[in-house]
Amino acid sequence: MTVDIDKTTGDTPPAGPEAIKAIPVRHYGRYISAVVAIALLVGVVYAFSQGKINWDAIPDYFFDDRILDGVGKTLLLTVLSMVIGIVGGVLLAVMRLSKNPVTSSIAWFYIWFFRGTPVLVQLIVWFNLGLVFEYINLGPFYKDEWSDFMTPFLTALLGLGLNEAAYMAEICRAGLLSVDEGQTEASHALGMSHAKTLRRIVIPQAMRVIVPPTGNEVINMLKTTSLVSVVQYPELLRAAQDIGQTSGAPAEMLFLAAAWYLLLTSVFSIGQYYLERYYARGSSHSLPATPFQKIKANVLSLSSRSKPTGGTA
C-alpha cells in the first residue's frame, strides 16, 4: 500500500470522508396500526361466527337458478341504464355548453330536477304515473293502458337511466371543459365543423377525464339497481328476498346478495382500471404498472436476491 505525500509541504493529505451508513427509519406507528386492524378484523369475524346465522345456506343457494337469473337481470339493467345515462349525459352536456339560451336552460332544468329528487322517489313516480295518464296514445303506432305499458322493467330502466343522465351530464361537461380551447380553434381553422370537432378532437381528449368518474358511476349503478325491487322487478336483491322468505333464511340471503354485489363490483373495478390505463396513454410518459406486472416484478426481485453473488478472494 502506498501513501501519496504532498511534495511541496511533505504532509500526508487528509483521508476521504467515511462512507455513510444508512439506517432505515423504524415506522412503529405502522406496526401498531396493522396489529390494531388485524385485531378488529378478527373480532368482527369471531362475532359473526358466534351469531345465530346459518352460514351453510349461503353456498347452498349461491348458484341457485333464481339467483343467477337475478344476477343476469341486474347486469342487463346496469348496462342499459348506463347506455341511456351516457348518451343522455353527452347530449345534455353539449346542450349545457351551447350558446343558445333555450337549449342550455332546458339542460340546466333537467339536471337540477333529476339530481334534486331521490332516485327511489323517481322510480315510484314512474310506476304510479297511471294516476295521471290513464292511457298512452302514440297515434297509429301504439295505444294501451298505462298500467300495461309501464312494466316493472321499463319503470326500472327509465327511472335509473334518466336519473343517471343528469349526473353523467356534469361529468361530461367537466371533461369537455378540460380540453384546451386552442384545440377547438385550430380545428375550426382547418375547416372542421362544430360537430366534427366534438367527435374527432374534443371528446377523445376529454375521455381521460370522463372515464374515471364514469367507472365509479357504473359501479354505483350496479348497486343502485337494488332499489328497483320496490317496483317488483326480479333483480338480484328481489330474488334473494324471495328465496329468504320461502327458505326461512332471510338474513343469510341478504349476505348472499352482498357477496354477489362485491364479486360483480370487483370485476367492474378491474375493467375500470385497464380502461383508465388505456386512455392515459397520451397524457402519461410512463403508464402505471398493472397488478400482474407488479407481482412479476416483485417475484423477479426476490429471486435475484436469493441467488448468490460471485466475489473475489
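Everything numeric in this text was worked out from a predicted model, so none of it was measured.

> Hey, could you run me through the pattern of salt bridges in this one?
Opposite charge on two side chains permits them to pair, given that their charged atoms come into close proximity. Taken as a whole and assessed by the stated rule, the structure comprises five salt bridges. For the salt bridge of aspartate 64 with arginine 66, the shortest nitrogen-to-oxygen distance reads 3.1 Å. Relative accessible area serves as the criterion here: at 19%, aspartate 64 is assigned to the buried category. The class of arginine 66 is partly exposed, set by a relative accessible area of 44%. Between glutamate 170 and arginine 173 there is a salt bridge, with the nearest N and O atoms lying 2.9 Å from each other. A residue pair is termed a helical-turn pair when its members lie 3 or 4 positions apart in one helix, as glutamate 170 and arginine 173 do in helix H7 (residues 152–178) at three residues. By relative accessible area, which is 18% here, glutamate 170 ends up buried. Here arginine 173 falls in the partly exposed class, since its relative accessible area comes to 21%.

> Just checking my understanding: could you explain the packing of helix H3 (residues 65–96) against helix H4 (residues 101–116) for this structure?
To characterise two packed helices, one gives the angle between the axes of the helices and the distance between these axes. Packing of H3 against H4 brings their axes to within 7 Å, and their N-to-C directions diverge by 130°. Regarding the angle of H3 to H4, the classification is oblique. Every pair of crossing elements has a handedness; the one defined by H3 and H4 is left-handed. When H3 is examined against H4, the residues Leu92, Met95 and Arg96 are found in contact with a partner set consisting of Thr103, Ser104, Ile106, Ala107, Trp108, Tyr110 and Ile111.

> What is the right way to look at the packing of helix H5 (residues 119–127) against H7 in this model?
Close contact between H5 and H7 brings their axes to 9 Å; oriented N to C, the two are set at 140°. The angle between the axes of H5 and H7 places the two elements in the oblique class. Pair H5 / H7 crosses with right-handed handedness. Between H5 and H7, the residues in contact are Val119, Gln122, Leu123, Trp126 and Phe127 and Thr155, Ala156, Leu158, Gly159, Leu160, Leu162 and Asn163, respectively. Classifying every residue of the contact of H5 with H7 gives eight nonpolar, four polar and no charged.

> Explanation requested: the side chain of glutamate 235 in the structure shown.
Within the fold, glutamate 235 resides in the loop between helix H9 (194–224) and helix H10 (236–247). Lacking a salt bridge, the buried glutamate 235 has arginine 238 as its closest oppositely charged neighbour, with an N-O distance of 6.7 Å. Looking at glutamate 235, its side chain comes within polar contact range of the side chain of tyrosine 261, at 3.4 Å.

> Whenever I open this one, the layout of surface pockets confuses me. Can you help?
To find the voids left in a structure, one rolls a probe of water-molecule size over its atoms. Counted as a void, the largest pocket has a volume near 500 Å³. Around the largest pocket, the lining comprises 15 residues; the ones closest to its centre are Leu97, Leu176, Leu177, Thr184 and His194. Counting only elements with at least two residues in the lining of the largest pocket, the list comes to H7, helix H8 (181–189) and H9. Ranked by the residues each element gives to the lining of the largest pocket, the list is headed by H9, at four residues. Its residues assigned to classes, the lining of the largest pocket shows seven nonpolar, five polar and three charged. Computed from the structure, the second largest pocket encloses a volume of approximately 290 Å³. Together, 17 residues line the second largest pocket, and Ile86, Met207, Val211, Thr214 and Leu275 are the ones closest to its centre. Only H3, H7, H9 and helix H11 (250–279) provide two or more residues apiece to the lining of the second largest pocket. With eight residues, the top contributor of residues to the lining of the second largest pocket is H9. Class assignment of the residues belonging to the lining of the second largest pocket gives a composition of 13 nonpolar, four polar and no charged.

> Explain a nonpolar patch on the surface here, please?
Side chains of Tyr28, Tyr31, Ile32, Val36 and Leu40 sit close together on the surface and give an oily, nonpolar patch of about 580 Å² of accessible area. Looking at where tyrosine 28 falls in the secondary structure, it is placed in helix H1 (residues 28–50). Judged by its relative accessible area of 54%, tyrosine 28 falls in the exposed class.

> Please explain the nonpolar core as it appears in this structure.
If you look at the biggest cluster of nonpolar residues, it comprises 21 residues, and the most contacted ones within it are Leu77, Leu160 and Val228. No other element matches H7, which puts seven residues into this core. What valine 228 contacts, discounting residues up to four positions off in sequence, is Leu77, Leu123, Ala156, Leu160, Tyr233 and Glu235. In this structure, Ile58, Phe62, Ala239 and Ile243 belong to the second largest nonpolar core, which totals 18 residues.

So, how was this worked out
- Residues numbered from 1 in each chain as written.
- Predicted model: local features only at pLDDT ≥ 70, side-chain atom pairs only at ≥ 80, totals over all residues.
- Heavy atoms only, no water.
- Salt bridge = Lys/Arg side-chain N within 4 Å of Asp/Glu carboxyl O.
- Buried < 20%, exposed > 50% of the residue type's maximum accessible area, 1.4 Å probe, protein only.
- Helix = DSSP H or I, 4+ residues; strand = E, 2+ residues; numbered from the N terminus.
- Axes fitted to C-alpha atoms, helices over the stretch in contact; angles between N-to-C directions.
- Parallel < 35°, antiparallel > 145°, perpendicular 65-115°, else oblique.
- Left-handed = near helix turned anticlockwise from the far one by under 90°.
- Contact = heavy atoms within 4.5 Å.
- Nonpolar A, V, L, I, M, F, W, Y, C, P; charged D, E, K, R; others polar.
- Lys, Arg positive; Asp, Glu negative; His and termini not counted.
- Polar contact = N/O pair within 3.5 Å; in protein donor to acceptor, adjacent residues only side chain to side chain.
- 1 Å grid on protein atoms, 1.4 Å probe; cavity = no way out; pocket = protein on both sides within 12 Å on 5 of 7 lines; lining within 4 Å.
- Points joined across faces, edges and corners; volume = space filled by probe spheres on them.
- Patch = residues over 30% accessible without salt bridge, like charges linked within 9 Å, V, L, I, M, F, W, Y side chains within 5 Å.
- Areas by Shrake-Rupley, 256 points an atom, 1.4 Å probe, with all protein chains shown as cover.
- Core = buried A, V, L, I, M, F, W, Y, C linked by side-chain atoms within 4.5 Å.

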